[in-house]
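Survey of secondary and tertiary structure
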Amino acid sequence: MPETVNIHTLPKRPVAVSSLKWQPLDIAVGATLGAACGVIFWGFNFAYMPISSVFGAILPGFASIVHAVWYFSGTLAVLILRKPGAALYVNLIGTLIETVIGSQFDLGFVIISALLQGVFAELPFAATRYRMFNLPISIASGALVALEYGIYLMLFRYVGVSFVSPRGIVHMISEITGGVLISGVMAWYLMLAIAKTGVLDRLASGRALIERRA
């Protein structure tokens, strides 16, 4: 007779951890990235006033081209961490750090903006089920955040400015252009530059780049 095997005594196979599951390292790296971005947001708060004055004098609405400095963090976060919710997490940490250091903007406004930007930054990556990370997806992410933020400003901050007015049109074009260049292209190459230092080698993004170079 064949020997009876008790399935309960067989060694269990290790269950593979989903690549989308957050690990302590992801939480730590995300917090560090958020803190660094928060300092950048805080510094840009002061730089924006003279920049907007110069750009606004050139063409009303043109200053929106640099707004992406406030929201490139979302796209960069997903490129580095490659986890659902990475943009929301890093944006929220960055906003809290910016507020603690000192911000002239209303806390409610910046938190709502950060969360909305995080959601829209995630959409292109979520559409691929967080399996595709490249420059076109990064650009799509930056463009979507720019579109959201541009409309948000028109509805709640630039009250009285029509979407079809010269200033409204210039604002939206500048916003999306800045989103593509800063939050899309710059975030992608910034991720590559950070990866070259070796600090991402233990993350999925770093390992993927190592495999690509091999």
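Above this text you will find the structure in question.
Throughout what follows, the structure given in this document is the object of discussion. (Residues numbered from 1 in each chain as written. Predicted model: local features only at pLDDT ≥ 70, side-chain atom pairs only at ≥ 80, totals over all residues. Heavy atoms only, no water.)

**Digging into unusual backbone geometry**
Comment: phi is negative for the bulk of residues other than glycine, and the bulk of peptide bonds are trans. Put simply, the rule reads: Each residue is assigned to one of three classes by its accessible area relative to the maximum for its type, calculated with a 1.4 Å probe on protein chains only: buried under 20%, partly exposed between the two thresholds, exposed over 50%. Segments assigned H or I by DSSP are reported as helices when at least four residues long, segments assigned E as strands when at least two residues long, and all are numbered from the N terminus.
Residue R129 is not a glycine yet carries a positive backbone phi of 60°. For R129, a relative accessible area of 58% corresponds to the exposed category. Positioned with a positive phi, Y130 is a non-glycine residue whose angle comes to about 55°. By the element assignment, Y130 lies in the loop between helix 4 (107–127) and helix 5 (135–156). Owing to a relative accessible area of 13%, Y130 belongs among the buried residues under this scheme.

**Quick notes on the side chain of T128**
Just so we agree on the cut-off: Polar contacts, as used here, are pairs of N or O atoms within 3.5 Å; protein pairs need one atom able to donate a hydrogen and one able to accept it. Residues neighboring in sequence count only if both atoms are side-chain atoms.
By the element assignment, T128 lies in the loop between helix 4 and helix 5. Reaching out from T128, the side chain makes a polar contact with the backbone oxygen of F125 at a distance of 2.8 Å.

**Thoughts on the nonpolar core**
This is how the line gets drawn: By convention a nonpolar core is built from buried Ala, Val, Leu, Ile, Met, Phe, Trp, Tyr and Cys residues, the set being connected through side-chain atoms within 4.5 Å. Working rule for contacts: check all heavy atoms of both residues, and any pair within 4.5 Å makes them a contact.
In terms of nonpolar packing, the biggest core is built from 46 residues, with L33, Y48, L76, V78, I80, F125 and M191 touching the most fellow members. Mapped by element, the contributors of at least two residues to this core are helix 1 (24–58), helix 2 (72–81), helix 3 (86–101), helix 4, helix 5 and helix 6 (166–196). Not counting residues within four places of it along the chain, the set of residues in contact with V78 comprises A86, A87, E122, F125, Y130 and F133.

**Some remarks on the packing of helix 1 against helix 3**
Put simply, the rule is: Geometry is summarised by axes, namely lines fitted to C-alpha atoms with helices restricted to the contacting stretch, and by angles between N-to-C directions that run from 0 to 180 degrees. Each angle receives one of four descriptions, namely roughly parallel if under 35 degrees, roughly antiparallel if over 145, roughly perpendicular if within 65 to 115, and oblique otherwise. A crossing counts as left-handed when the near helix is turned anticlockwise from the far one by less than a right angle, and as right-handed when that turn is clockwise.
Two numbers describe how helix 1 lies on helix 3: the axes approach to 7 Å, and their chain directions differ by 45°. With respect to helix 3, the axis of helix 1 lies oblique. The hand of the helix 1/helix 3 crossing is right-handed. Contacts between helix 1 and helix 3 pair I27, G30, A31, L33, G34, A35, G38, V39, F41, W42 and N45 from the former with Y89, V90, I93, G94, T95, I97, E98 and I101 from the latter.

**So, the packing of aromatic side chains**
Selection criterion: Pairing of aromatic rings covers Phe, Tyr and the six-membered ring of Trp, with a centre-to-centre limit of 6.5 Å; geometry is then stacked below 30 degrees between planes, edge-to-face above 60, and tilted otherwise. We call a charge positioned over a ring when the NZ of a Lys or the CZ of an Arg lies within 6 Å of the ring centre and within 35 degrees of the ring normal.
Inspection of every chain in the model, using the stated rule, returns twelve aromatic pairs. Between Y152 and F156, the ring centres sit 5.1 Å apart and the planes meet at 45°, which makes this aromatic pair tilted. Residue Y152 and its partner F156 are both found in helix 5; the two are separated by four residues, about one turn of the helix. Residue Y152 is classed as buried on the basis of its relative accessible area of 12%. In this structure F156 comes out as exposed when scored by relative accessible area, which is 55%. Put simply, the rings of F44, Y48, W70, F105, F109, Y152 and F156 touch in pairs and so form one group of aromatic residues. The ring of F109 carries the charged tip of R157 above its face, separated from the ring centre by 4.2 Å.

**A look at helix 2**
Burial analysis of helix 2 places ten of its ten residues in the buried class, the great majority of the element. Considering only its buried residues, helix 2 is in contact with helix 1, helix 3, helix 4, helix 5, helix 6 and helix 7 (204–213). Looking at the residues trailing helix 2, positive phi occurs at R82, about 55°.

**Details of the side chain of S73**
Looking at the element boundaries, S73 is found in helix 2. Its relative accessible area of 1% is what places S73 among the buried residues. Polar side-chain contacts of S73 include one of 2.6 Å to the side chain of N91. If sequence neighbours within four positions are ignored, S73 has contacts with C37, F41, V90 and N91.

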